[in-house]
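Secondary and tertiary structure notes
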Amino acid sequence: MELPIIFEEKMKEMLGAEYDEYLASFEQEAYQGLRVNTAKISVEDFLTMSPYALKPVPWCPNGFYYDKKEKPAKHPFYFAGLYYIQEPSAMTTASLLPVEEGDVVLDLCAAPGGKSTELAAKLNGTGLLVTNDISNSRAKALLKNIEVFGVGNSLVTSEPPNELAKRFPAFFDKILIDAPCSGEGMFRKQNNMVKAWEQNGVDLFVGLQRSILKEAVTMLKPGGTLIYSTCTFSKEENEQSIEYLLSLDPALHLVELPLFEGFDKGHPEWGLTGNEELTKCRRLWPHRIKGEGHFVAMVKKDSSDSVAPVTEYVFSKEKLSKEAKEFIQSLNYPFELSRIDVQKERVFYIPEKMPFVKGLRILRCGLYMGDMKKNRFEPSQSLAMFLKMSEFPNVFNLPVDDARVIKYLKGETIDVDDSDQGSFQDGICLICVNGYPLGFGKLSKGTIKNKYLPGWRWM
């Protein structure tokens, strides 16, 4: 690969004797990784049923390498939301952020959702995840991944950071910023990133990162934690961006991150202030680890007694239909009817910590449960992914090697064998693979009409 001369000179200066090793890493094949969705399945259980030979990613307890010959995005378990395909270095950030159940968490530059889905798994259905991307088209991909993973306690938005900062001062316990960057760590994986680097350079992204950090700091609660990452090696976008972050608020202090084998510390000499605390940051180089490379830094804000007032979510006055109420009450899940909101016949379940959201560009607020139709309730794909098999009264559970699984995922009708008939009844049924939901269908006279969301179908 032909690298820009300016980039080569910069890397030679930074890496010194290691530069040749770095250059040699371009001749190696990229590493493939997947991360288990621990909100749906334990790592131990997944490993017993995994169709792949997996090797652990050292810095992510639920992350694994898989062989490039495998096609995990073409497997029913992927459609069931049991794992997310993610570059191994990129697993670092969300894995290191100490999210606790009940936290209010923000993923500020979240699309396509790799880090948000891990944050949601850590929350385990509690607290609130606000996941945002300024690009509406990218935020749609983010929403899909949030719903595939079965996340019900989220607010998915598409806003610039300054608009969120106006609405949510000192609101978040944890904030993750995987910042837009020059992408030097992606040169090996995506050749087009080299051209983009030549066109945009580093300065454009330095400005973007600082504008994001400036707003994010105001949204972090006293006592809260913020983690920042990039997939670039530039000192301007890494150590120097962290120096800028620390300059925004004297209450911020760097947190020492784990030093896994092959990890490098941050370099104070690459900053502008000589701050020795920068050694608490972590650099992942592609010639030292099995991954493309990353930079990660974490700061904590000092605690204080002040608490920012938060305006609570305002429920609409629309009523739940009789059919919708009966459907929801038939589920073996403790939905509180007082938390249900109806918006133009669409039914949503709103998490307890949801704030006032009117005026924001919202793709999803809480769990979208379905639609009230005339004399019936039509449950949503997101509800199917949210539920466990044991929580729905009418289930058709198929083994993973049953050909009807792929037929269902392709949107086709599926037939029920005589041997299946005793296991469930006519009407809406939850289609599962090996005990994990895929979506809804409607059984009538031995045939299941497919209710799988068209935009998600197996292609």
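Everything below is about the structure shown above.
Residues numbered from 1 in each chain as written. Predicted model: local features only at pLDDT ≥ 70, side-chain atom pairs only at ≥ 80, totals over all residues. Heavy atoms only, no water.

1. With respect to the overall build of the protein
Counting its regular elements, the protein contains 14 helices and 23 strands. A compact globule built from 459 residues would reach a C-alpha radius of gyration of about 23 Å, and the protein, at 23 Å, matches this within 12%. In terms of its C-alpha atoms, the protein occupies a principal-axis envelope of roughly 70 × 50 × 35 Å. Counting across all 459 residues of the protein, residues that qualify as buried make up 57%. Counting contacts in the protein only where the partners sit at least 6 residues apart, residues at least 24 apart contribute 72% of the total. For the protein, the exposed surface amounts to about 20100 Å²; the carbon and sulfur share of it is 50%. With 55 positive and 62 negative side-chain charges, the protein shows a separation of 7 Å between the mean positions of the two kinds. (Helix = DSSP H or I, 4+ residues; strand = E, 2+ residues; numbered from the N terminus. Rg over C-alpha atoms; globule rule 2.2 N^0.38 Å. Buried < 20%, exposed > 50% of the residue type's maximum accessible area, 1.4 Å probe, protein only. Contact = heavy atoms within 4.5 Å. Areas by Shrake-Rupley, 256 points an atom, 1.4 Å probe, with all protein chains shown as cover. Lys, Arg positive; Asp, Glu negative; His and termini not counted. Charge placed at Lys NZ, Arg CZ, Asp CG, Glu CD.)

2. Remarks on helix α10 (residues 203-219)
With 17 residues, α10 ought to run about 24 Å at 1.5 Å a step, and its terminal C-alpha atoms sit 25 Å apart, in line with that. Looking only at α10, the buried set comprises F205, V206, Q209, I212, L213, A216, V217 and M219. Within α10, the buried residues cover an arc of 140° as seen down the axis, which keeps them to one side. (Expected span 1.5 Å × (residues − 1). Arc of directions from axis to C-beta.)

3. Here we look at the sheet that holds strand β3 (residues 63-66)
Strands in a sheet are paired, the pairing made by backbone hydrogen bonds, and the direction either parallel or antiparallel. In space, the 4 strands of this open sheet follow the order β2-β3-β1-β4, with antiparallel pairing throughout. The sheet is open, and its two borders are formed by β2 (55-56) and β4 (83-85), each paired with just one other strand. The sheet contact formed by β2 and β3 spans 2 bridges and is antiparallel. Paired with K55 across the two strands is Y65, which belongs to β3. (Pairing = 2+ DSSP bridges.)

4. A few points about the sheet that holds strand β19 (residues 395-398)
The strand order across the open sheet formed by 5 strands is β19-β21-β22-β23-β20, and the pairing between neighbours is mixed. Two strands in the sheet have a free side with no partner beyond their single neighbour: β19 and β20 (414-415). Pairing of strand β21 (residues 427-433) with strand β22 (residues 436-444), which is carried by 7 bridges, proceeds in the antiparallel orientation. Bridging across to β22, V433 finds its partner in Y436.

5. A word on the packing of α10 against helix α11 (residues 239-248)
Closest axis-to-axis distance for the α10/α11 pair is 10 Å, and the angle between their directions is 30°. Overall, the two elements α10 and α11 adopt an arrangement that is roughly parallel. Handedness of the α10/α11 crossing: right-handed. Judged by residue contacts, Q209, R210, L213, K214 and V217 of α10 engage Q240, S241, Y244, L245 and L248 from α11. Of the residues assigned to the contact of α10 with α11, the class counts are 5 nonpolar, 3 polar and 2 charged. (Axes fitted to C-alpha atoms, helices over the stretch in contact; angles between N-to-C directions. Parallel < 35°, antiparallel > 145°, perpendicular 65-115°, else oblique. Left-handed = near helix turned anticlockwise from the far one by under 90°. Nonpolar A, V, L, I, M, F, W, Y, C, P; charged D, E, K, R; others polar.)

6. Observations regarding the pairing of strand β18 (residues 376-379)
The pairing of strand β17 (residues 367-373) with β18 spans 4 bridges and is antiparallel. In the sheet register, G370 faces β18, and the bridge partner there is P379. Counting the residues between successive antiparallel strands, the hairpin from β17 to β18 contains 2 residues, one of them, N375, with a positive phi of roughly 65°.

7. Side note on the nonpolar core
Grouped together as the largest cluster of nonpolar side chains are 41 residues, with contacts concentrated most on L108, F172, I177, M219, L226 and I242. In terms of residue count, the dominant contributor to this core is α10 (5 residues). Those residues within four positions of I177 in sequence are excluded, and the remaining contacts are L108, C109, I212, L213, A216, L226, I227, Y228 and S229. Within the second largest apolar cluster, 34 residues are counted, among which are I41, F64, F396 and Y408. (Core = buried A, V, L, I, M, F, W, Y, C linked by side-chain atoms within 4.5 Å.)

8. Digging into the pairing of strand β9 (residues 220-230)
Extensive coverage of β9 is indicated by the burial of 8 of its 11 residues. Where strand β8 (residues 172-178) meets β9, 6 bridges bridge the pair, whose relative direction is parallel. In the strand pairing of β9, D178 is matched with S229. Pairing of β9 with strand β13 (residues 294-301) involves 6 bridges; the strand directions are antiparallel.

9. Some details on the pattern of salt bridges
Once their charged atoms are close, side chains differing in charge can pair, the charge on each being opposite to the other. This model, assessed by the stated rule, comprises 22 salt bridges. For R364, the salt bridge identified is with E147, shortest N-O distance 2.8 Å. Pair noted here: R364 is in strand β16 (residues 362-365) and E147 is in helix α7 (residues 136-148), with a separation of 217 residues, a long-range link. In this structure, the salt-bridge partner of K451 is E378, at a minimum N-O distance of 3.1 Å. Of this pair, K451 sits in the segment after β23 (447-450) while E378 sits in strand β18, placing them 73 residues apart in sequence. Residue classification places K451 among the partly exposed positions, given a relative accessible area of 25%. A single network of salt bridges, built from pairs that share partners, joins E18, D264 and R288. (Salt bridge = Lys/Arg side-chain N within 4 Å of Asp/Glu carboxyl O.)

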